[in-house]
Amino acid sequence: MPPSNKRHLITLSNPKSPISEAYRSLRTNVDFSAIDDSMQVIMVTSAGAGEGKSTTIANLAVTYAQMERSVILIDADMRKPTEHHTFGVSNRYGLSSYLSQQSPLEDVMQQTNVPGLTVIPSGPIPPNPAEMVASKRMSGLIAELREQYDIILIDTPPLLAVTDAQIIATKSDGVLMVIDYGKVKRDIAIKAKSNLDKVGARILGVVMNNVKRKSSEAYYYYYYGTADNKQ
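Residues numbered from 1 in each chain as written. Predicted model: local features only at pLDDT ≥ 70, side-chain atom pairs only at ≥ 80, totals over all residues. Heavy atoms only, no water.

Participant: Which parts of the structure should I look at to understand the overall build of the protein?
Facilitator: A count of helices and strands for the protein gives 10 helices and eight strands. Looking at the protein as a whole, 55% of its 231 residues are labelled buried. Contacts spanning at least 24 positions in sequence make up 74% of the contacts within the protein whose residues lie at least 6 apart. Put simply, the protein shows about 10600 Å² of open surface, and 49% of that area lies on carbon and sulfur atoms. (Helix = DSSP H or I, 4+ residues; strand = E, 2+ residues; numbered from the N terminus. Buried < 20%, exposed > 50% of the residue type's maximum accessible area, 1.4 Å probe, protein only. Contact = heavy atoms within 4.5 Å. Areas by Shrake-Rupley, 256 points an atom, 1.4 Å probe, with all protein chains shown as cover.)

This is the structure we're talking about:
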């Protein structure tokens, strides 16, 4: 896939912008949430579709790599994958290929143009994504990657659409939830958080997307803090 097909990553194209700084602040907040516990496997999800979760996790991955940490981003949204577009890599083989034992791990891990950042794209869309992410093979994959990478980021489908995100949350150290400030109603956001609470997920915080600050700054992401008291 030619570079022209890649999605815009502001942390690469304009690292000094206020938006890029917001992503770095998000990274810092995640790091500081791990004072006593390991915060190595981080899942990013949203309540519904189109809220910016995949853009958020891609830029977060870049900011970690820019700190010279070894980072792997797994596109576990095997229903509507996007990360292969974002980083301009092939989606012929990916997570679904590995979990179905059609491809070895080394064949589904792809280097990006960001030093230190590896991507496992979703691969071909399977008929049973929830069963695949719930498998022992998925747990084994995460365990193996813990030995190889400093940070493992997992992009999942929206919480209210399917059960995939809840399943992956049980295999992650922490969860970030992206909410479109101007799109998602309060009760929908609370329901999405409740779905994570039901499986005992550790919610690190909420990223509020499309919050208007000043007319000159347009829209940008920022870290909202822990979700414990955002009822």
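Participant: Got a minute to help me understand the pairing of strand β6 (residues 174-180) in this structure?
Facilitator: A regular strand places its side chains so that they alternate between the two faces of the sheet. β6 sits mainly inside the fold: seven of its seven residues count as buried. Burial along β6 is two-sided: G174, L176, V178 and D180 facing one way and V175, M177 and I179 facing the other are all buried. Relative to β6, strand β1 (residues 41-46) is paired through five bridges, and the arrangement is parallel. Residue pairing for β6: I42 is matched across the bridge by G174. (Pairing = 2+ DSSP bridges.)

Participant: Looking at this model, I keep getting lost on unusual backbone geometry. Mind explaining?
Facilitator: One non-glycine residue, E68, lies in positive phi territory at about 65 degrees. Residue position: E68 is located in the loop between α3 (53-65) and β2 (71-75). The class for E68 is exposed, based on a relative accessible area of 75%. The backbone of Q101 shows a phi angle near 60 degrees, a positive value even though the residue is not glycine. Mapped onto the fold, Q101 is located in the loop between α5 (95-99) and α6 (105-108).

Participant: Please clarify how the packing of aromatic side chains should be interpreted in this entry.
Facilitator: All chains considered together, the criterion is met by zero aromatic pairs. Geometry around Y98 places R137 over its ring, the cationic atom sitting 4.0 Å from the centre. (Phe/Tyr/Trp six-rings, centres within 6.5 Å; stacked < 30°, edge-to-face > 60°. Lys NZ or Arg CZ within 6 Å of the ring centre and 35° of its normal.)

Participant: Would you mind showing me how to read the environment of R146 here?
Facilitator: Checked against the element boundaries, R146 lands in helix α8 (residues 136-146). Taking C-alpha positions, R146 is 9.9 Å from I72, a pair spaced 74 residues apart along the chain. Discounting residues that sit within four places of it in the chain, R146 has contacts with S38, Q40, V41, I152, K171 and D173.

Participant: Is there a simple way to explain the pairing of strand β5 (residues 151-155) in this structure?
Facilitator: A large share of β5 lies buried, amounting to five of its five residues. Because side chains alternate across β5, one face comprises the buried residues I151, L153 and D155, and the other comprises I152 and I154, equally buried. Bridge analysis of β1 against β5 gives four bridges, and the strand direction is parallel. Within β5, the position partnered with M43 by the bridge is I154.

Participant: Sorry if this is basic, but what is going on with the side chain of T156 here?
Facilitator: If you trace the backbone, T156 turns up in the loop between β5 and α9 (164-169). The class of T156 is buried, set by a relative accessible area of 0%. Residue contacts for T156: discarding those within four places in its chain leaves M43, V44, T45, K53, A76, D77, A165 and I168.

Participant: Got a minute to help me understand the packing of helix α2 (residues 18-32) against α3 in this structure?
Facilitator: For any two helices packed against each other, the geometry comes down to the angle between their axes and how far apart the axes lie. Orientation of α2 relative to α3, taken along the N-to-C sense of each, is 75 degrees, at an axis distance of 9 Å. It follows from the interaxial angle that α2 and α3 lie roughly perpendicular. Only T55, T56, N59, L60, T63 and Y64 of α3 make contact with α2, whose side of the interface consists of Y23, R24, L26, R27, V30 and D31. By residue class, the composition of the contact of α2 with α3 is five nonpolar, four polar and three charged. (Axes fitted to C-alpha atoms, helices over the stretch in contact; angles between N-to-C directions. Parallel < 35°, antiparallel > 145°, perpendicular 65-115°, else oblique. Nonpolar A, V, L, I, M, F, W, Y, C, P; charged D, E, K, R; others polar.)

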